[in-house]
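Given next are the chains, with one letter for each unit.
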Amino acid sequence: LLATVCGFLSIDRQSNQFSVTDKIVSHEGVSVRTTGDLLLTGEEYEQHGEIQEKRVVQCRSITAYADVYGRIISAGGLVRLKRNLVGGSASNEEGDIIVDGMASGATLTALAGCITVKRADNCVLVARQVVVDQATNCNIVAEELTIEVAEACALATRTTRLGSTRARRELDTVLLLLLPDLSAYDARVSALRGKRVATEKAIATHRARIDVLRSDKEVASYLALAQRLRNHEATLRADQQVGWRRLSALVAPTLRSLSQLSELVKELAAESAAFGQQIDAVLAAREEACSKVNCDIARVEGETRVSALLPRPAELPLHALPPKELKARMRRTDAATRLLFAGDAGQFSWSYRSRPA
């Protein structure tokens, strides 16, 4: 067979037709019998058959039209599951994951993207952003989280929008608000402020030296007369020119020192102003990091607990913990957590307000 166009070979077993397409399309499913594990180099992959348990598909973008029981590992693009993800996993290194059906007993990871699921039961979801219609008994870690109904879930996030929270079989819903680690901002501000204070001290020292030089009798006389001459408030007679030149020669070294000191003060003043701008920029970034931590729960309909999780740089981040450790950590109360709300009815709204830098 000789193809006249670039692409991927597609064989229709029903019609026995061969064709070349711009994406990989499979109708056979992924199993031990048909394909085994797959490593695909194309930009797009369509799978119309089931991806069976323990089978691994590595690709870039994939659209699965049937149920997925195995593992999907994507390097980017979009992972879209038209039906259900059951007992398997889906990860996308640089893109989003969308599950149009249900995820059950599954693990979904998109650290740089968004995970969107209609319904998730007994799942682990870790992403930059997570959007779920209904989540039951799930562990979710995200920068931004939106859930319509959260039931017996453990959630860790910065920006949170929950429609309702519920308990299930005596298991409450737990929410951890991830407070930012401000130590780096504070250290940077402290260092910049120290540099600005040192610069201002140097400016003050140089200005004091300038004042001393200007207070010299000959220099003061020269500067006063020079100012009057520039303003055309005085003129020198021919017999006064000799004395003026003698005075100019006498104060010339001091004038050079004054000029050098004045230039140095200008440079230092510019440095001080630059430090001030850098401090303002760091403080603005610090405030932005704090402003992202907020929570809104429209309806509390069952036992719900909301805590702030204080940062501990020595600990592994939550998204790096194994599933069992993550589940235990999300529900653990210790010195790193600060209770904000506990109850089974009402609503809750909270925004983080940090101490000044």
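Each remark here, short or long, concerns the structure printed above.
Residues numbered from 1 in each chain as written. Predicted model: local features only at pLDDT ≥ 70, side-chain atom pairs only at ≥ 80, totals over all residues. Heavy atoms only, no water.

**Regarding the overall build of the protein**
Scanning the protein for helices and strands turns up four helices and 21 strands. In terms of overall size, the protein is more extended than a compact globule, its C-alpha atoms giving a radius of gyration of 35 Å where 357 residues would be expected to give roughly 21 Å. Considered along the principal axes of its C-alpha atoms, the protein spans approximately 120 × 70 × 35 Å. Taking all 357 residues of the protein together, the buried fraction comes to 40%. In the protein, once contacts between residues fewer than 6 apart in sequence are set aside, the share between residues at least 24 apart is 34%. When the accessible area of the protein is evaluated, it comes to approximately 19,900 Å², of which 50% is carbon and sulfur surface. In the protein, 47 side chains carry a positive charge and 43 a negative one; their mean positions are 7 Å apart. (Helix = DSSP H or I, 4+ residues; strand = E, 2+ residues; numbered from the N terminus. Rg over C-alpha atoms; globule rule 2.2 N^0.38 Å. Buried < 20%, exposed > 50% of the residue type's maximum accessible area, 1.4 Å probe, protein only. Contact = heavy atoms within 4.5 Å. Areas by Shrake-Rupley, 256 points an atom, 1.4 Å probe, with all protein chains shown as cover. Lys, Arg positive; Asp, Glu negative; His and termini not counted. Charge placed at Lys NZ, Arg CZ, Asp CG, Glu CD.)

**A look at the pattern of salt bridges**
Applying the stated rule across the entire model yields 17 salt bridges. Here D121 ties to R119 by a salt bridge, and the two come within 3.0 Å at their closest N and O atoms. Several salt bridges share partner residues, and in doing so they unite R166, R299 and E301 into one network. (Salt bridge = Lys/Arg side-chain N within 4 Å of Asp/Glu carboxyl O.)

**Re the packing of aromatic side chains**
Taken as a whole and judged by the stated rule, the model has two aromatic pairs. With a centroid separation of 5.3 Å and 35 degrees between ring planes, the pair formed by F341 and F348 is classed as tilted. F348 matches F341 in its accessibility class, with the two residues each being buried. Here W350 and Y352 contribute two aromatic rings whose centre-to-centre distance is 6.2 Å and whose plane-to-plane angle is 35 degrees, an arrangement assigned as tilted. Owing to a relative accessible area of 18%, W350 belongs among the buried residues under this scheme. (Phe/Tyr/Trp six-rings, centres within 6.5 Å; stacked < 30°, edge-to-face > 60°.)

**Comments concerning helix α4 (residues 323-331)**
Those residues of α4 that fall on the buried side of the exposure criterion are L326, R329 and M330. End-on, the buried residues of α4 take up no more than an arc of 100 degrees, which puts them together on one face. Looking at the buried side of α4, the elements it contacts are β14 (124-136), β15 (139-151), β16 (154-166), β17 (173-178), β19 (304-309) and β20 (337-343). (Arc of directions from axis to C-beta.)

**Some words on the environment of R80**
Mapped onto the elements of the fold, R80 is located in strand β9 (residues 78-81). Separated by 209 residues in the primary sequence, R80 and A289 place their C-alpha atoms 31 Å from one another. Polar contacts involving the side chain of R80 include one to the side chain of D100, which spans 3.1 Å. (Polar contact = N/O pair within 3.5 Å; in protein donor to acceptor, adjacent residues only side chain to side chain.)

**Quick notes on the environment of E287**
Inspection of the secondary structure puts E287 in helix α3 (residues 238-291). E287 sits 81 residues away from H206 along the chain, and the two C-alpha atoms are 36 Å apart.

**Looking at the nonpolar core**
Among the nonpolar cores identified, the biggest contains 55 residues, and L108 and L125 are the most heavily contacted of them. Apart from residues no more than four positions distant in its own chain, L108 is found in contact with L85, A90, I97, V99, A103, I115, V117, V124, L125 and V126. In terms of nonpolar packing, the next biggest core, distinct from the first, is built from 13 residues, V124, V141, L176 and L321 among them. (Core = buried A, V, L, I, M, F, W, Y, C linked by side-chain atoms within 4.5 Å.)

**Examining helix α1 (residues 183-215)**
Look at α1: 48 Å from first C-alpha to last across 33 residues, which is about the 48 Å you get at 1.5 Å a residue. Among the residues making up α1, those that are buried are D186, V189, L192, T199, I203, H206, I210 and L213. (Expected span 1.5 Å × (residues − 1).)

**Focus: the environment of T157**
Examined against the element boundaries, T157 turns out to sit in strand β16. According to the relative accessible area criterion, T157 is buried, its value standing at 0%. On a C-alpha basis, the gap between T157 and A127 in space is 10.0 Å, while along the polypeptide they are 30 residues apart. Among residues more than four places away in sequence, those in contact with T157 are A142, E143, E144, L145, L175, L176, L177 and L178. In terms of polar contacts, T157 uses its side chain to reach the backbone carbonyl oxygen of A142, at 3.1 Å.

**Quick look at the state of the cysteines**
On inspection of all chains with the given rule, the structure shows zero disulfides. C114 takes part in no disulfide bond, and the closest cysteine sulfur to it belongs to C138, at a distance of 15 Å. A residue is classified by how much of its surface remains accessible, and C114, at 11% relative accessible area, is buried. You can see C153 has no disulfide; the closest cysteine sulfur is in C138, sitting 4.8 Å from it. What makes C153 buried here is its relative accessible area of 0%. (Disulfide = S-S within 2.5 Å.)

**Focus on a nonpolar patch on the surface**
A surface patch of nonpolar side chains, about 470 Å² in accessible area, is lined by V5, L9, I11, F18 and V20. Listed by contribution, the elements that provide at least two residues to the nonpolar patch are β1 (8-12) and β2 (17-21). If you trace the backbone, I11 turns up in strand β1. (Patch = residues over 30% accessible without salt bridge, like charges linked within 9 Å, V, L, I, M, F, W, Y side chains within 5 Å.)

**Considerations on the side chain of S74**
Along the chain, S74 turns up in strand β8 (residues 71-74). Those residues in contact with S74, other than ones at most four positions away along the chain, are C59, R60, S61, V79, S91, N92 and E93.

**Some thoughts on the pairing of strand β18 (residues 294-300)**
Looking at chain direction, β16 and β18 are connected through six bridges and run parallel. Its bridge partner being in β18, T165 is matched across the sheet by V300. Two elements, β18 and strand β21 (residues 346-351), share five bridges in a ladder whose sense is antiparallel. Considered in β21, the bridge of C295 is made with W350. (Pairing = 2+ DSSP bridges.)

Limitation: the analysis is restricted to geometry and does not speak to function.
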